[in-house]
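Structural features, examined
Given next are the chains, with one letter for each unit.
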Amino acid sequence: QVQLVESGGGLVQAGASLRLSCAASGSIFSANPMGWYRQAPGNQRELVATIGRGGVTNYADSVKGRFTISRDGAENTVYLQMNSLKPEDTAVYYCNAAIKVSFYSDYVNYWGQGTQVTVSS
């Protein structure tokens, strides 16, 4: 059974930094891509950043230059370093991964339970 477990959210002031972590566990043959999404109250869930094969990254325009996504491929863990946080970054952040449990299986999309990030002004 595959699980994504996030950690690292919290309450910080504007301008501060936070680092989110997401560990994928279970029977995993391949996890690609992995990424982060966020959902603020009243808004749809939106992409924050993804990292795929060869370390290719993709960022939302709103976080470019402030957030950095990285991963430990051997551990199937993805990180999101968030610097210069703004009140508009306040949201529940969700880890996402496309995972194959064997060579012959298809990729299935998994989500973590979410971690709250609150940035005060």
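Residues numbered from 1 in each chain as written. Predicted model: local features only at pLDDT ≥ 70, side-chain atom pairs only at ≥ 80, totals over all residues. Heavy atoms only, no water.

Comments concerning the overall build of the chain
Convention followed: Strands here mean DSSP runs of E at least two residues long; helices mean DSSP runs of H or I at least four residues long; both are numbered from the N terminus. With the radius of gyration taken over C-alpha atoms, the globule rule is written as 2.2 Å times the number of residues to the power 0.38. Relative accessibility thresholds used throughout: buried, under 20% of the residue-type maximum; exposed, over 50%; partly exposed, between the two (1.4 Å probe, protein chains only). Any two residues whose heavy atoms approach within 4.5 Å at even a single point are treated as in contact. We get accessible surface area from the Shrake-Rupley algorithm with a probe of 1.4 Å; when it comes to residues, only the shown protein chains can shield them. The positive count covers Lys and Arg only, the negative count covers Asp and Glu only, and His and the chain ends enter neither. Where a charge lies is defined by one atom per residue type: Lys uses NZ, Arg uses CZ, Asp uses CG and Glu uses CD.
Of the regular secondary structure elements, the chain holds 0 helices and 11 strands. Traced from its N-terminal end to its C-terminal end, the chain shows the element sequence β-β-β-β-β-β-β-β-β-β-β. Taken over the C-alpha trace, the chain has a radius of gyration of 14 Å; the compact-globule value for 121 residues is 14 Å, and the two agree within 12%. When its C-alpha atoms are laid out on the principal axes, the chain stretches across 50 × 25 × 25 Å. Within the chain, buried positions represent 43% of all 121 residues. Relative to all contacts within the chain whose residues are 6 or more apart in sequence, the contacts with residues 24 or more apart total 56%. By element, 48% of the accessible surface of the chain is carried by carbon and sulfur atoms, the whole surface being about 6,400 Å². Computing the positive centroid from 9 side-chain charges and the negative centroid from 8, the chain places the two 3 Å apart.

Here's the deal with the pattern of salt bridges
We apply this condition: When a carboxyl oxygen of Asp or Glu is within 4 Å of a side-chain nitrogen of Lys or Arg, the pair counts as a salt bridge.
Applying the stated rule across the entire model yields 4 salt bridges. Note that Glu 46 is salt-bridged to Arg 38, the shortest N-O span being 2.7 Å. A salt bridge links Arg 38 to Asp 89, with the shortest nitrogen-to-oxygen separation between them at 3.0 Å. Remark: Asp 89 occurs in the loop between strand 8 (77-82) and strand 9 (91-100) and Arg 38 occurs in strand 4 (residues 30-39); sequence separation between them is 51 residues. For the pair Arg 38 and Asp 89, a shared accessibility class is recorded, and that class is buried. Look at the salt bridges and you will find they share partners, linking Arg 38, Glu 46, Arg 66 and Asp 89 into a network.

Examining the packing of aromatic side chains
Heads up, the condition is: Here is the rule: rings of Phe, Tyr and Trp (six-membered ring for Trp) pair when centre to centre is within 6.5 Å. Planes less than 30 degrees apart are stacked, more than 60 are edge-to-face, and the remainder are tilted.
In this structure the tally under the stated criterion is 3 aromatic pairs. Centroid distance Phe 29 to Phe 103: 6.0 Å. Interplanar angle 85°. Geometry classified as edge-to-face. Of this pair, Phe 29 sits in the loop between strand 3 (18-25) and strand 4 while Phe 103 sits in the loop between strand 9 and strand 10 (108-111), placing them 74 residues apart in sequence. Owing to a relative accessible area of 47%, Phe 29 belongs among the partly exposed residues under this scheme. A centroid spacing of 5.2 Å and a plane angle of 90° characterise the contact between Phe 103 and Tyr 104, whose relative ring orientation is edge-to-face. With a relative accessible area of 55%, Phe 103 lands in the exposed category.

Brief notes about the sheet that holds strand 3
In plain terms, the rule: If DSSP finds at least two bridges between two strands, the strands pair. Convention adopted: a line fitted to C-alpha atoms gives each axis, helices being fitted over their contacting stretch, and angles between N-to-C directions are expressed from 0 to 180 degrees.
Spatial strand order, 1-3-8-7: 4 strands in an open sheet with antiparallel pairing. Every other strand in the sheet has two partners, leaving strand 1 (3-7) and strand 7 (67-72) as the edge strands with one partner each. If you compare each strand with its neighbour and ignore which way they point, the axes differ by 15° on average. Where strand 7 and strand 8 come together, 6 bridges link them in antiparallel fashion. When the bridges of strand 8 are listed, Asp 72 appears paired with Thr 77.

A word on the nonpolar core
Rules: Residue types Ala, Val, Leu, Ile, Met, Phe, Trp, Tyr and Cys, when buried and joined through side-chain atoms within 4.5 Å, form a set referred to as a nonpolar core.
Core analysis: the biggest nonpolar cluster contains 30 residues, and Trp 36, Leu 80, Met 82 and Tyr 93 have the highest contact counts within it. Every element with two or more residues in this core is listed here: strand 3, strand 4, strand 5 (46-51), strand 7, strand 8, strand 9 and strand 11 (115-120). Of the residues forming this core, the biggest block, 5 residues, is contributed by strand 9. Discounting chain neighbours no more than four positions away, the residues touching Leu 80 are Leu 18, Arg 19, Leu 20, Trp 36, Val 48, Ala 49, Phe 67, Thr 68, Ile 69 and Tyr 93.

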